[in-house]
Amino acid sequence: MIIENDEANVRFPLINDGQINIDVMELIHHDEQWVFEQIHKAGYGSVDDIYLGEYINGKLTLIPYPKA
């Protein structure tokens, strides 16, 4: 992965396959409580519902698993 020096365009995979990436969480200076709050604000029950969560431009973008 190539990361440009322009911080505004950096994308961090914070959640991958329902798992929180602790290293990324520390890098963006947030804790698990913040991640859970973002998930609940978006209307999801838990991190297990999220396939991919990317931290982009200071916001967490969530992509859920497809509904069966």
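Structural data are supplied above this passage.
In every chain, residue numbers begin from 1 and rise along the written sequence. Given that the model is predicted, a residue must reach a pLDDT of at least 70 before its local features are reported, and side-chain atom pairs must reach 80 or more before they are shown or counted; all residues, however, enter totals for whole chains, interfaces and linings. Only heavy atoms go into the side-chain values, all of them from the structure, while hydrogens and water stay out.

In this scheme, strands are said to pair when DSSP sees at least two bridges between them. Think of it this way: any DSSP run of H or I at least four residues long counts as a helix, any run of E at least two long counts as a strand, and we number them from the N terminus. Both strand S3 (residues 50-56) and strand S4 (residues 59-64) contribute to a ladder of six bridges, which runs antiparallel. Bridge assignment links Ile50 to a residue of S4, and that residue is Pro64. The antiparallel pairing of S3 with S4 creates a hairpin that spans two residues between the two strands, and Asn57 there sits at a positive phi of about 50°.

On to the packing of aromatic side chains. Two rings from Phe, Tyr or Trp (for Trp, the six-membered ring) form a pair when their centres sit within 6.5 Å of each other. Planes less than 30 degrees apart are called stacked, planes more than 60 degrees apart edge-to-face, and all others tilted. In this structure the tally under the stated criterion is two aromatic pairs. Measuring from ring centre to ring centre gives 5.9 Å for Trp34 and Tyr55, while their planes differ by 70°; the resulting arrangement is edge-to-face. Here the residue Trp34 occupies a position in helix H2 (residues 32-41), and Tyr55 occupies one in strand S3, the gap between them amounting to 21 residues. When its relative accessible area of 15% is taken as the criterion, Trp34 is described as buried. Judged by centre distance (5.6 Å) and plane angle (65°), the ring pair of Tyr51 and Tyr65 falls under edge-to-face. When a residue's accessible area, from a 1.4 Å probe over protein chains only, is under 20% of the maximum for its type it is buried; when over 50% it is exposed; and in between it is partly exposed.

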